[in-house]
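Residues per chain are reported as follows:
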Amino acid sequence: MHQPPIPQIEATDPEIAGLINGEARRQSEKMRLIPSENYVSLAVLEACGTVLTNKYSEGYPGRRYYEGQQFIDPIETIAIERAQALFGVDHANVQPYSGSPANLAVYLAFAQPGDTIMGMALPMGGHLTHGAAVSVAGRWFRPVQYGVRRDTGRIDFDEVRDLALRERPKVIFAGGTAVPRTIDFPAFAEIAAEAGAVLVADIAHIAGLIAGGAHPSPVGYAPVITTTTHKTLRGPRGAMIMTDAEHASPIDKAVFPGLQGGPHNHTTAAIAVALHEAAAPSFRAYAAQVVANAAALAAALQERGYDLVSGGTDNHLLLVDLTSKGIGGKPAAKALDRAGIELNFNTVPFDTRRPFDPSGIRLGTPAITTRGLTEQHMPLLAAWMDEAITAAAKDDEGPLERIAAEIRDLLTAFPAPGWSAQP
Ligand SMILES: *Cc1c(COP(=O)(O)O)cnc(C)c1O
C-alpha cells in the first residue's frame, strides 16, 4: 500500500484510495525510465501532505498581504537560503507553480508581447516553453529557434550565434528536455553578451546533476536560471528561478503579482526538505551514479546495435533513434510498457515521421538510480529492452509478460519510496 498510509482516504473515498494505491504499486513494479521522473523521499512526501496547504501567503517573507505568516515566512526563507547555498546564487524565488510558469515569468520580466525570443526547437530537444508555436511563448512572442548539427547531434553554436546576432532576441534560453549532452553555458554566455540578450539557463532536467557536481553549473554565465524541482533534483512538483542580484527584482515582480497569486506553501516546505537532502554527501554519490548508469546503459544498447542521438550521453538521458530497428517510437514504447519498462516516445532531430508517431524513444536513469540500481544491472536492462523491441517489431507479444515478471522480481530487492507490500 501507499506510504505514508492513507487510511482516511480509504475510509471516505475508497474509489480514489484504490487508484492511489494502484499507482504506488505500479511505480514499485515498473522499471521507470522516463528521464524527467523520480521517486521522492518519504520526508518530501510528508511535507506535501501537511496543513501548509491551508494557508494563503501572497507576497514574499516579511512582505505579505495576509496575516498569520509566523511559520510560513521562516519556511520560505529557509527554502530560499538552501537554494542559494546549494547552487551558489545571489537570489532564489521558490514560488513558481511549475517549470512552465517559471519560464513564462521570465518572459514577463524581460520581454514585451511581440518581442523576439530564442530557444532550442522542440523537435531538436528544446522545451515547449522555449518558443514552440503551440505554446504561449510562440503565440505572444516572436520565437527564433536553433537546433543541433546533423552530423554530430550536438547544439550548432554557429547557428546560435548567427541567429542571435541577426534577430537580436531579448531572451535566449539554453537547456532542453531531450538533450543527452553537457550544455556549454560559457559558449551561450559569450553569444548572449554579443547579442545583448538575457541568457536564461533552463536546468529543469539537470538541476540534480548540477547540485551533485555531475554537470557544470551555469552560475556566473547565465544571470537567470530556471528549474523544476521534481526531476533529477528529486523534490516535489514545483520550480525555482535563481538569479544574480541585478535580475532579482524583475523576476520577483513577474512571479508575484505578475503571474501568480498565493504560493503553494506545502510545496515550498517540500522544496526546502528536498534541498536539504540534495546538500548531503549521499546526493553527490547519487548524481554521479545517475550519470554512470546512463553511460553503462548507453554502452549496452550500442553493443546491441542501437543508434543513440549524438552517439551517447554525458548526463542522465538517452535519445534512441529506432529507424534502423524497423519500428517507430510509439509502438516500441507501448510494447516496453507492457514489458514493465516505462519510457516515452520522442522525436529525434531531423525526424522524418510525425510528432505523435516519431522515430525515437527517450529514457534516463534518475528514478532507477534512486532505487539503488548500478552499472552492473544495465546490460540486463538493455537485453530486456532489446528483446521487447525486437519482438514488437515482429508484432510478437510473446515475451512481454515474462519480461515484466522478471523485472518485478528484480525490483523487489530495490524498494521504492512510497510503496510497501506490507499493509
Ligand atoms: C520539464 C521541463 C519544463 C516544464 O516543467 P513543468 O513542471 O512540466 O511545467 C521546462 N523546461 C524544461 C527544460 C523541462 O524539461
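Draft legend 1. Representation of the overall build of the chain. From N to C terminus, the chain includes 16 helices and 15 strands. Along the first, second and third principal axes, the C-alpha set of the chain runs to 60 × 60 × 35 Å. Expressed as a percentage of its 423 residues, the buried residues of the chain come to 56%. Considering only contacts within the chain whose residues lie at least 6 apart along the sequence, 71% involve residues at least 24 apart.

Draft legend 2. Structural detail: the domain arrangement of the chain. With domains assigned, the chain is organised as domain 1 (47–278) and domain 2 (290–411). Centre-to-centre separation of domain 1 and domain 2, based on C-alpha positions: 29 Å. Counting residues at the interface gives 21 residues for domain 1 and 20 residues for domain 2. Summed over both sides, the interface of domain 1 with domain 2 buries roughly 1700 Å², with 57% coming from carbon and sulfur. One salt bridge connects Arg181 with Asp314, and the closest N-O pair in it is separated by 2.8 Å. Its residues placed into classes, the side of domain 1 that touches domain 2 shows ten nonpolar, six polar and five charged.

Draft legend 3. Inspection of the site of the ligand at higher detail. Every one of the 13 residues lining the ligand counts as a neighbour, but Ser98, Ser100, Asp202, His205 and Lys231 are closest to it. Between the ligand and the protein, one listed contact pairs a nitrogen atom with a side-chain N or O atom of Asp202 at 2.6 Å. One nitrogen or oxygen atom from the side chain of Lys231 is found 2.7 Å from an oxygen atom belonging to the ligand. In the complex, 87% of the free accessible area of the ligand, which totals 380 Å², lies under the protein chains. The dominant element in the shell around the ligand, judged by the number of residues it contributes, is helix H5 (residues 99–110), at three residues. The class makeup of the residues in the shell around the ligand is one nonpolar, ten polar and two charged.

Draft legend 4. Structural view of the packing of aromatic side chains. Scanning the model with the defined rule gives nine aromatic pairs in all. Each ring, one from Tyr60 and one from Phe256, has its centre 6.5 Å from the other, and the planes form 75°; the classification is edge-to-face. Of this pair, Tyr60 sits in strand E2 (residues 59–60) while Phe256 sits in helix H10 (residues 248–259); the two residues are 196 residues apart in sequence, bridging distant segments of the chain. Considered together, Tyr60 and Phe256 belong to a single accessibility category, that of buried residues. On the numbers, 5.0 Å between centres and 70° between planes, the contact of Phe157 with Phe188 is edge-to-face. In this pair, Phe157 sits in helix H7 (residues 157–167) while Phe188 sits in helix H8 (residues 185–195), placing the two residues 31 residues apart along the sequence.

Criteria and cut-off values
- Residue positions are given per chain, counted from 1 along the sequence in the order it is written.
- Only residues with pLDDT of 70 or above have their local features reported here, since the model is predicted, and side-chain atom pairs are shown and tallied only from 80 upward, although totals for entire chains, interfaces and linings are computed over all residues.
- By convention in this description, side-chain values take in all heavy atoms of the structure and omit both hydrogens and water.
- Secondary structure elements follow DSSP: runs of H or I no shorter than four residues count as helices, runs of E no shorter than two count as strands, and numbering proceeds from the N terminus.
- Each residue is placed in one exposure class: buried if its accessible area under a 1.4 Å probe, protein chains only, is under 20% of its type's maximum, exposed if it is over 50%, and partly exposed if it falls in between.
- Contact between two residues is taken to exist if any of their heavy atoms lie within 4.5 Å; hydrogens are not considered.
- Domain extents, as shown, originate in an automatic or database domain assignment.
- What gets called buried area is simply the loss in accessible area from a 1.4 Å probe that two parts show on being joined, summed for both.
- Put simply, a salt bridge is a Lys or Arg side-chain nitrogen that is within 4 Å of an Asp or Glu carboxyl oxygen.
- Residues are grouped as follows: Ala, Val, Leu, Ile, Met, Phe, Trp, Tyr, Cys and Pro are nonpolar; Asp, Glu, Lys and Arg are charged; all remaining types, including Gly, are polar.
- Throughout, the term near means that a residue has one or more heavy atoms lying within 4 Å of the molecule or strand in question.
- Under the rule applied, a polar contact is a pair of N or O atoms within 3.5 Å (in protein, one hydrogen donor and one hydrogen acceptor; residues adjacent in sequence only if both atoms are side-chain atoms).
- Computed by Shrake-Rupley with a 1.4 Å probe, the accessible areas treat only the displayed protein chains as cover when residues are assessed.
- Ring geometry is summarised as follows: Phe, Tyr and Trp rings, the Trp one being its six-membered ring, pair when their centres sit within 6.5 Å, and such pairs are stacked at plane angles under 30 degrees, edge-to-face over 60 and tilted between the two.

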